[in-house]
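Here's the letter readout for the chains.
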Amino acid sequence: MSDPKPLNIGMIGYGFMGRAHTNAYCKVNHFFDLPYKPVLKAACARNEEKIKEFANNWGYESTETDWRKLLERDDIDAVDICVPNNLHHEIAIAAAEAGKWIMCEKPLAMNVAEGEEMCAAVEKAGVPNLVWYNYRRCPAVTLAKQLIDEGRLGRVFHYRSQFLQDWTISEEVPQGGAGTWRLDVEAAGSGVTGDLLAHCIDTAIWLNGPIASVTAMTETFVKERVHAETGEKTPVGIDDAAAFLARFANGSLAIFESTRYARGHKALYTLEVNGEKASLSWDLHDLHRLQYFDHGDDSVVRGWRNIHVSDGDQPYMGNWWVPGLQIGYEHSFVHTVADFLTHVGTDSPAGPTFQDALETQKVCDAILASAKSGSWSNI
Ligand SMILES: NC(=O)c1ccc[n+]([C@@H]2O[C@H](COP(=O)([O-])OP(=O)(O)OC[C@H]3O[C@@H](n4cnc5c(N)ncnc54)[C@H](O)[C@@H]3O)[C@@H](O)[C@H]2O)c1
């Protein structure tokens, strides 16, 4: 392949995702042949000292303290939105109007209404866009998609998924502010629904097709928390835990659960799909393995196979080390960039695009509506 074209990145935010994405930009061209090469052009956040420190550490050429200034710059081709959820809508719409490519963190928006405006803005501007639902690109999950698409499971009866954490059990954890904006409904839009279930839903729709209807329950176990910015104790507006039943358009039934109150679990994301001919399951704590049961196997050796996804024939793995050597969490972001840059400008851009992520947003909104009304919500 000819030399890749430089793609100047403007990164907004330097937190968890700012680091995960920057790491991916640094690595991607070493492992994948791509038409573009990300260039760390500018990093942006409000705190000048902190953004300079981040830029120095990772090698960004310049910094900004106002994202609007970043969008005005002619030397920025693509904007990466790695800030709390309440900023996605405003920044993405302004970025689309400025003609920038947009890679936005999940959830797409605070709600469907915002998401629809974001979709309209990228469509009007005709700019490439992507939302970072990265778990699709753990090789074992991509392999699951391949097996399902090949028809190996046959008719799907059940989808089961959970995402469990335990970091907000203490009443002393504040809401709002730098580290704890996820607990503040004004910054996050929702609690575990938009934060954790959104990942489960994106993967579920990708693997098993559209979700038709849901019935949900949510709970806020700690009703008041000190707000980190004001020091005042104020009501908590997020869902601490959520569980829902769903019907997929293909007729399969599903059960989903997420909480930040499952003592002992830090990031236990699991999924299982049961089909007529086979089943598969995956667990983020063992992310390089796919469990697979094929009823077509000879009965004397039939059982769950524990597939160590590290062979060159398996998704993405031919670009890494040698068979038997596994990769990890950060590689799901490298694969996201690789796929985005491979397919940009083609008839089949890498997903999830804003429009794809809007489908997940619709399910999130339906969960919250159902939990409030106590009845089923159609998507
Ligand atoms: N794909 C995933 O697995 C995943 C994981 C974690 C977070 N996320 C998403 O990524 C986004 C960021 O989450 P995070 O964990 O990186 O948060 P974080 O708290 O670690 O970082 C947030 C960053 O936003 C910056 N920021 C806040 N307001 C700003 C403003 N007005 N202008 C510029 N910068 C501003 C902060 O300085 C900070 O650098 C959220 O939407 C979150 O849902 C996705």
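Residues numbered from 1 in each chain as written. Predicted model: local features only at pLDDT ≥ 70, side-chain atom pairs only at ≥ 80, totals over all residues.

### So, the overall build of the protein
Tallying secondary structure elements over the protein gives 11 helices and 17 strands in all. In terms of overall dimensions, the protein is globule-like: its C-alpha atoms have a radius of gyration of 21 Å, near the 21 Å expected for 379 residues. Projected onto its principal axes, the C-alpha positions of the protein cover 65 × 55 × 40 Å. Looking at the protein residue by residue over its 379 residues, the buried ones come to 47%. The long-range fraction of contacts in the protein, counting pairs at least 24 apart against all pairs at least 6 apart in sequence, stands at 69%. (Helix = DSSP H or I, 4+ residues; strand = E, 2+ residues; numbered from the N terminus. Rg over C-alpha atoms; globule rule 2.2 N^0.38 Å. Buried ≥ 20, exposed ≤ 12 C-beta atoms within 10 Å, placed from the backbone. Contact = placed C-beta atoms within 7 Å.)

### Regarding the packing of helix H9 (residues 192–208) against helix H11 (residues 354–373)
Remark: H9 packs on H11, axes separated minimally by 9 Å, with the N-to-C direction vectors making an angle of 125 degrees. Overall, the two elements H9 and H11 adopt an arrangement that is oblique. You can see that H9 and H11 cross each other, and the crossing is right-handed. Counted together, Thr193, Gly194, Leu197, Ala198, Ile201, Asp202 and Ile205 of H9 and Glu359, Thr360, Val363, Cys364, Ile367 and Leu368 of H11 form the full contact between these two elements. Grouping the constituent residues of the contact of H9 with H11 by class yields 8 nonpolar, 3 polar and 2 charged. (Axes fitted to C-alpha atoms, helices over the stretch in contact; angles between N-to-C directions. Parallel < 35°, antiparallel > 145°, perpendicular 65-115°, else oblique. Left-handed = near helix turned anticlockwise from the far one by under 90°. Nonpolar A, V, L, I, M, F, W, Y, C, P; charged D, E, K, R; others polar.)

### Focus: the environment of Ser375
Of note, Ser375 is situated in the loop between H11 and strand E17 (377–378). Sequence separation of Ser375 and Asp74 is 301 residues, and the distance between their C-alpha atoms is 50 Å. The contact partners of Ser375, leaving out residues within four places of it in the chain, are Thr215 and Ser370.

### A few points about the sheet that holds strand E1 (residues 5–12)
Sheet architecture is open: 6 strands sit in the order E3-E2-E1-E4-E5-E6, paired in parallel fashion. Strands at the two margins of the open sheet, each flanked by one partner only, are strand E3 (62–64) and strand E6 (129–131). Strand-to-strand twist in this sheet, taken as the mean axis angle between neighbours without regard to direction, amounts to 25 degrees. The pairing of strand E2 (residues 36–44) with E3 spans 3 bridges and is classified as parallel. By the bridge assignment, Ala42 is partnered in E3 with Ser62. (Pairing = 2+ DSSP bridges.)

### Examining the environment of Gly151
With respect to the secondary-structure elements, Gly151 resides in the loop between helix H6 (139–149) and strand E7 (156–164). Residue Gly151 is classed as exposed on the basis of its C-beta count, with 11 C-beta atoms lying within 10 Å.

### A word on the domain arrangement of the protein
Examined at the domain level, the protein breaks down into domain 1 (5–134) and domain 2 (136–378). The straight-line distance from the C-alpha centre of domain 1 to that of domain 2 is 23 Å. Contact with domain 1, which involves 36 residues of that partner, is made by 37 residues of domain 2. At the level of secondary structure, the elements contributing two or more residues to the side of domain 1 that touches domain 2 comprise helix H1 (16–31), E2, helix H5 (112–125) and E6. (Domains from an automatic or database assignment.)

### Points about unusual backbone geometry
Of the consecutive residues Lys106 and Pro107, the connecting peptide bond is found in the cis state with omega at -10 degrees. The residue Pro107 is located in the loop between strand E5 (101–104) and H5 in this model. Residues Gly351 and Pro352 are joined by a peptide bond in cis, for which omega reads 0 degrees. Structurally, Pro352 can be placed in the loop between helix H10 (331–343) and H11.

### A short note on the nonpolar core
By size, the foremost hydrophobic cluster in this structure holds 105 residues, and its most contacted members are Ile12, Ile102, Leu197 and Ile367. Counting residues per element, this core draws most heavily on H9, which supplies 10 residues. If you count residues domain by domain, this core takes at least three from each of domain 1 (5–134) and domain 2 (136–378). If we ignore the near neighbours within four places in the chain, the residues touching Ile12 are Cys44, Trp67, Leu70, Val79, Asp80, Ile81, Cys82, Val83 and Ile91. Counting residues in each nonpolar core, the second largest holds 5 residues, with Ala187, Ala188, Val236 and Ile238 among its members. (Core = buried A, V, L, I, M, F, W, Y, C linked by C-beta atoms within 7 Å.)

### Some words on the packing of H6 against H9
At a minimum axis separation of 9 Å, H6 and H9 run at an interaxial angle of 30 degrees. Classed by the angle they form, the pair H6 and H9 counts as roughly parallel. Here Val141, Ala144, Lys145 and Ile148 of H6 come into contact with H9, specifically with Thr203, Trp206 and Leu207. Class assignment for the residues of the contact of H6 with H9 results in 5 nonpolar, 1 polar and 1 charged.

### Quick look at the environment of Arg289
Residue placement: Arg289 occurs in strand E15 (residues 289–294). Residue classification places Arg289 among the partly exposed residues on the basis of 18 C-beta atoms within 10 Å. For the pair Arg289 and Gln326, spaced 37 residues apart in the sequence, the C-alpha separation amounts to 9.3 Å.

### Considering the sheet that holds strand E16 (residues 304–308)
Sheet architecture is open: 9 strands sit in the order E16-E15-E14-E13-E7-E12-E11-E8-E17, paired in mixed fashion. Among the strands making up the open sheet, the edge pair consists of E16 and E17. Pairing of strand E11 (residues 241–248) with strand E12 (residues 253–259) involves 7 bridges; the strand directions are antiparallel. Bridge assignment links Arg247 to a residue of E12, and that residue is Leu253. Relative to the sheet, H6 contacts strand E13 (268–275), strand E14 (278–283) and E15, its axis offset from that of E14 by approximately 165 degrees.

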